[in-house]
Amino acid sequence: MASSLTKGAAKQGTPADGGKTFFGHPRGLAPLFMTEMWERFSYYGMRALLVLYLISGGPDAKPGSQGGGLAMNVATASAIYSIYVAMVYLLAMPGGWIGDRIWGPRKAVAIAAAVIMTGHLALAVPGQAGFFAGLALVAVGSGLLKANISTMVGHLYDGPQDPRRDGGFTLFYMGINIGAFAAPLVIGTVGQDVSWHLGFALAALGMALGLVSFLIGTRHLSPQSSVVPSPLQAEERAMWLRKGLIWVAVAAVFYGVVAFTGHFTLNWAVIPLALLGLIIPITVLARIKRDKELTDTEQTKVSGYIWFFVAAALFWMIFDQAGSTMSVFADKKTNGQVFGLDFPSSWFQSVNPLWVMALAPVMAWLWLRLARRDREPSTTVKFSMAMFFIGASFVVFIIPMMMASDGSKVSPMWLLSIYMIQTIGELSLSPVGLSVTTKMAPQKYASQMLGVWFLAVTAGDCITTLLSTGGADLSGPPVLAVEAGMAVLAGAAVWLSRKKIIALMGDVR
């Protein structure tokens, strides 16, 4: 009787936990909100400093800026930044697998937070060894956390039909943008104006606060979050351990030989990871497409989904250059003053989350209003719009880039406008892509397909990495024009093929 009453209360939005709620939602949403907010605070704070730290002290650094960095050129720094972002999203898939089969979501998130914190502490130690070790730890921890914390938000609600569920995820994602907005203002300022390594240490402090929030609030989480949904059997565990050790041994021998013969350079690590980041998404999609257990309808939907995946990869290829190409431009060629007051260039990294918080309610209202009139754009049209906007943002970017070619600095309004255009594109693609992924996923791959969607980010950033290592000048108008053209052409292809794609989507709209 007690359990049925509790379940009934949950359906009505009345919590069983002492009558207390978190803005009308289950109390367990609060620690998850805080954990994600602080994790994003640490991630975006470190990201705002990453490329600037890598080029600090080198020929491409801003004259008169703080030294003490790794003195790399912009191309190398951009490649490292892009492969780092790519690996965060690539590792979300094995992170989800670990949560499902070894630790359960709750334990996985606690361990992930500790790994991320350790990574930021390693970044706070001067020297290349600590830097690359820290970067690897943050990527591993972020992938593990990203894959499991959203699952626990879902566990707080009484199934997919709980009327509070969408609102709960909206609150949760607000935490992401609050953390992303505040991080460059705090960590960016300290890192650029005081000490790079103190900035990285602040990122570690942010993640430590997130971990404490999570551990204190775990008693309010759903018991389901501690369950391992599909635990590994002993023979499976032995098989995976054996395979892992074999691959580690192969990599150790290979790179040992390369290093011993004196041929090792950074590209020996970056390029294989970038190729892996392209091969894995293609392999995963091909494996799903070839699965003979799928029905004809599911096979058709996968074919339609590939269109969206390719477009998304090109979108993220441009969008994620906010932390590399646009960050360097903001630092060296943009006037860092407002009303006569100077501000560090890392503050520009707060603009996108600010635009998201400002424009997301407007976009949501617009889609709802159009839907009531039966005029809401289809998924294909929204994707076409997103590709047009992201391409247009780089077309606009070429203008201030050419204005600054004589050494002068441009108004910050240029970057504010470019970020606004990109955010409109992001809001036309990102939530829509998540939704269409869940709708078009074959039943057999219902959970894995969200990981597949994240692989579009991996593929896009790996393309950027290969362009950087291949010698393409990502900070030059010709390459920007090519990237913009690719995005617009992809949008046009989706638009012109919309009837074909809609037919492949079946009953999904």
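This is a predicted model, so every value here is computed, not measured.

### Overview of the overall build of the protein chain
1) Next: Each helix and strand counted, the protein chain has 18 helices and 2 strands in total.
2) Next: Radius of gyration (C-alpha) of the protein chain: 23 Å, near the 23 Å computed for a compact globule of 509 residues.
3) Next: Principal-axis analysis of the C-alpha atoms gives the protein chain an extent of 75 × 55 × 50 Å.
4) Next: Counting every position in the protein chain, which comprises 509 residues, the buried fraction comes to 50%.
5) Next: Intrachain contacts of the protein chain at a sequence separation of at least 6 include 81% that bridge at least 24 residues.
6) Next: Total accessible area computed for the protein chain in this model is approximately 22,700 Å², and 68% of it derives from carbon and sulfur atoms.
7) Next: Taking the average place of the 36 positive charges on the side chains of the protein chain and the average place of its 26 negative ones, the gap between the two points comes to 5 Å.

### Concerning a nonpolar patch on the surface
1) Next: Where nonpolar side chains cluster on the molecular surface, the patch consists of I246, W247 and V250 and spans about 360 Å² of accessible area.
2) Next: Along the chain, W247 turns up in helix 9 (residues 234–260).

### Some details on the packing of aromatic side chains
1) Next: Tallied over the full model, the rule gives 25 aromatic pairs.
2) Next: On the numbers, 5.7 Å between centres and 15° between planes, the contact of F315 with F319 is stacked. With F315 and F319 both in helix 11 (residues 296–319) and 4 residues apart, the pair spans about one turn of that helix.
3) Next: With relative accessibility at 0%, the residue F315 sits in the buried group.
4) Next: Connected via pairs of aromatic rings, a cluster forms that spans Y53, F131, F132, W196 and F200.

### Side note on the packing of helix 2 (residues 29–55) against helix 5 (residues 105–123)
1) Next: The N-to-C vectors of helix 2 and helix 5 enclose an angle of 25°; their axes lie 12 Å apart at closest approach. As the angle between them shows, helix 2 and helix 5 are arranged roughly parallel. Regarding helix 2 and helix 5, the two cross each other, and that crossing is left-handed. Where helix 2 approaches helix 5, its residues T35, E39, S42, Y43 and M46 are matched on the opposing element by V109, I116, H120 and L123.
2) Next: Split into classes, the residues belonging to the contact of helix 2 with helix 5 amount to 5 nonpolar, 3 polar and 1 charged.

### Overview of helix 13 (residues 351–372)
1) Next: The terminal C-alpha atoms of helix 13, which comprises 22 residues, lie 32 Å apart, in line with the 32 Å expected from a rise of 1.5 Å per residue.
2) Next: For helix 13, the principal kink sits at L359 and spans about 35°; a proline, P361, occurs within the next four residues.
3) Next: For helix 13, the set of buried residues is V351, N352, P353, V356, L359, M363 and W367.
4) Next: Backbone geometry just downstream of helix 13 places D374 in the positive-phi region, at approximately 60°.

### So, helix 17 (residues 477–496)
In an α-helix, one turn spans 3.6 residues, which is why side chains three or four residues apart end up on the same side.
1) Next: The terminal C-alpha atoms of helix 17, which comprises 20 residues, lie 28 Å apart, in line with the 28 Å expected from a rise of 1.5 Å per residue.
2) Next: Residues of helix 17 that are buried in the fold lie against helix 11, helix 14 (379–403) and helix 18 (498–505).

### Observations regarding the nonpolar core
1) Next: Formed by 122 residues in total, the largest nonpolar core has its most connected members in L32, Y84, F383, F397, L415 and L429.
2) Next: Broken down by element, this core gets its largest block of residues, 17 residues, from helix 2.
3) Next: Other than its neighbours up to four places away in sequence, Y84 contacts Y43, M46, L50, L135, V138 and A139.

### Topic: the pattern of salt bridges
1) Next: All told, the structure shown has 5 salt bridges when counted by the stated rule.
2) Next: Across the pair R40 and E39 runs a salt bridge, and its minimum N-O distance is 2.7 Å. With respect to burial, R40 and E39 carry one shared label: buried.
3) Next: Each of the salt bridges in this network shares a partner with another, and the network as a whole consists of D291, E293 and K444.

### Details of a positive patch on the surface
1) Next: On the surface, a cluster of positive charge is made up of R369, R372, R373 and R375.
2) Next: A relative accessible area of 39% places R369 in the partly exposed class.

### Topic: unusual backbone geometry
1) Next: With phi around 55°, A71 is a residue other than glycine that occupies positive phi space.
2) Next: Residue placement: A71 occurs in the loop between helix 2 and helix 3 (74–90).

### Details of the environment of D406
1) Next: Structurally, D406 can be placed in the loop between helix 14 and helix 15 (412–440).
2) Next: What makes D406 exposed here is its relative accessible area of 62%.
3) Next: A distance of 2.7 Å separates polar atoms of two side chains, one belonging to D406 and the other to S408.

### Description of the side chain of T334
1) Next: Looking at the secondary structure, you find T334 in the loop between helix 12 (325–333) and strand 1 (337–338).
2) Next: In this structure T334 comes out as buried when scored by relative accessible area, which is 2%.
3) Next: A distance of 3.2 Å separates a polar atom in the side chain of T334 from the backbone oxygen of F329.
4) Next: Contacts of T334, omitting those with residues within four sequence positions, involve F329, F348, K409, V410, S411, P412 and L415.

### So, the confidence of the model for the protein chain
1) Next: This prediction gives the protein chain a mean pLDDT of 90; 95% of its residues lie at or above 70.
2) Next: Scored below 50 in pLDDT, residues 1–16 shows 11 contacts in the model against residues more than four places distant or in partner chains.

### Notes on the environment of A392
1) Next: Locating A392 in the fold gives a position in helix 14.
2) Next: Its relative accessible area of 19% is what places A392 among the buried residues.
3) Next: Residues A392 and A487, 95 residues apart in the sequence, show an inter-C-alpha distance of 8.7 Å.

### Section: the side chain of N177
1) Next: With respect to the element layout, N177 can be found in helix 7 (residues 165–193).
2) Next: Here N177 falls in the buried class, since its relative accessible area comes to 14%.

### Here we look at the environment of S393
1) Next: Inspection of the secondary structure puts S393 in helix 14.
2) Next: By relative accessible area, S393 is classed as buried at 0%.
3) Next: C-alpha of S393 to C-alpha of L480: the two residues are 87 residues apart in sequence and 9.9 Å apart in space.
4) Next: Here S393 is in contact with I318, I418, I421 and Q422, once residues within four sequence places are set aside.

About the criteria used
Residues numbered from 1 in each chain as written. Predicted model: local features only at pLDDT ≥ 70, side-chain atom pairs only at ≥ 80, totals over all residues. Heavy atoms only, no water. Helix = DSSP H or I, 4+ residues; strand = E, 2+ residues; numbered from the N terminus. Rg over C-alpha atoms; globule rule 2.2 N^0.38 Å. Buried < 20%, exposed > 50% of the residue type's maximum accessible area, 1.4 Å probe, protein only. Contact = heavy atoms within 4.5 Å. Areas by Shrake-Rupley, 256 points an atom, 1.4 Å probe, with all protein chains shown as cover. Lys, Arg positive; Asp, Glu negative; His and termini not counted. Charge placed at Lys NZ, Arg CZ, Asp CG, Glu CD. Patch = residues over 30% accessible without salt bridge, like charges linked within 9 Å, V, L, I, M, F, W, Y side chains within 5 Å. Salt bridge = Lys/Arg side-chain N within 4 Å of Asp/Glu carboxyl O. Phe/Tyr/Trp six-rings, centres within 6.5 Å; stacked < 30°, edge-to-face > 60°. Axes fitted to C-alpha atoms, helices over the stretch in contact; angles between N-to-C directions. Parallel < 35°, antiparallel > 145°, perpendicular 65-115°, else oblique. Left-handed = near helix turned anticlockwise from the far one by under 90°. Nonpolar A, V, L, I, M, F, W, Y, C, P; charged D, E, K, R; others polar. Expected span 1.5 Å × (residues − 1). Bend = angle between axes of the 7 residues up to and from the residue. Core = buried A, V, L, I, M, F, W, Y, C linked by side-chain atoms within 4.5 Å. Polar contact = N/O pair within 3.5 Å; in protein donor to acceptor, adjacent residues only side chain to side chain. pLDDT = per-residue confidence, 0-100.

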